[in-house]
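A closer look at the structure
So you can see what is in the structure, the chains are spelled out below.
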Amino acid sequence: MTERINYWKLIGPEATLLTQIEDQLNHGPLDLRLLEMVRLRASQINGCGFCVRYHSQRLRMLGETEERIDLIIAWREAPCYSEREQAVLQWAETITQLSDHRHVPDALYEQTRQFLNEEELASLTLAVAMANVWNRIAVAFRTDHSSIETLLKAADNMVQYSEQKMG
């Protein structure tokens, strides 16, 4: 597929603000691997090849196993996810498919709150919303996959920098 437009050239300042939100989420209360799992699952649901590829590779960089990356599409049937991860993935799917559900059931909220405090749940919900924003942009404009390697290097440098600051 051919890229329709290079949105970064047209809405670069706005895209930079979205990237800054992502950076804040990456340094928030939730584990980066968990965030990347959520981003990957939302991207799978939305059919965003660019983001599926990017988040799969990010998970590998973070040391996630091939089994868990491969099975995230069928997490309900896979024995390799904790109850907490299952609750988070269910929340992410529900938020991503909100137009299908038209609401978030109280039972799902209560189940998710068993594993996440309010700050974590707010952060998770924003992370899901952001994944959906990026998916919609990438799908609409058929984002060129050639930029993935550059993005991965930048993301890896940010993780290493953060680890150095904290360590």
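Okay, so let's go over this structure.

This part is about the overall build of the chain. Helix and strand counts for the chain come out as 10 helices and zero strands. Taken across its 167 residues, the chain has 41% of its residues classed as buried. Here the analysis covers contacts within the chain between residues at least 6 apart in sequence; of these, 67% occur between residues at least 24 apart. Element-wise, carbon and sulfur atoms account for 54% of the exposed surface of the chain, whose accessible area totals about 9,500 Å².

So, on to helix 9 (residues 118–141). The end-to-end C-alpha separation of helix 9 is 35 Å, in line with the 34 Å expected for 24 residues at 1.5 Å each. Between the side-chain oxygen of the N-cap and the backbone nitrogen of Glu 119 there are 3.0 Å, and the N-cap of helix 9 in question is Asn 117. Of the residues flanking the end of helix 9, it is Arg 142, one or two places downstream, whose phi is positive at about 50°.

All right, on to the nonpolar core then. Judged by nonpolar contacts, the single largest core of 27 residues is most densely connected at Leu 124 and Trp 134. Taken together, the elements giving at least two residues each to this core come down to helix 2 (12–26), helix 3 (32–46), helix 4 (49–61), helix 6 (83–96) and helix 9. If you tally residues by element for this core, the top one is helix 9, at eight residues. Not counting the four nearest positions on each side in its chain, Trp 134 is found in contact with Tyr 7, Trp 8, Ala 15, Leu 18, Thr 19, Glu 22 and Cys 51.

Okay, the environment of Cys 51 next. Mapping Cys 51 onto the fold places it in helix 4. Distance in space between the C-alpha atoms of Cys 51 and Leu 40 is 7.0 Å, their sequence separation being 11 residues. Excluding residues within four positions of it along the chain, Cys 51 makes contact with Ser 43, Trp 134, Asn 135 and Ala 138.

Calculation notes
- Residues numbered from 1 in each chain as written.
- Predicted model: local features only at pLDDT ≥ 70, side-chain atom pairs only at ≥ 80, totals over all residues.
- Heavy atoms only, no water.
- Helix = DSSP H or I, 4+ residues; strand = E, 2+ residues; numbered from the N terminus.
- Buried < 20%, exposed > 50% of the residue type's maximum accessible area, 1.4 Å probe, protein only.
- Contact = heavy atoms within 4.5 Å.
- Areas by Shrake-Rupley, 256 points an atom, 1.4 Å probe, with all protein chains shown as cover.
- Expected span 1.5 Å × (residues − 1).
- Polar contact = N/O pair within 3.5 Å; in protein donor to acceptor, adjacent residues only side chain to side chain.
- Core = buried A, V, L, I, M, F, W, Y, C linked by side-chain atoms within 4.5 Å.

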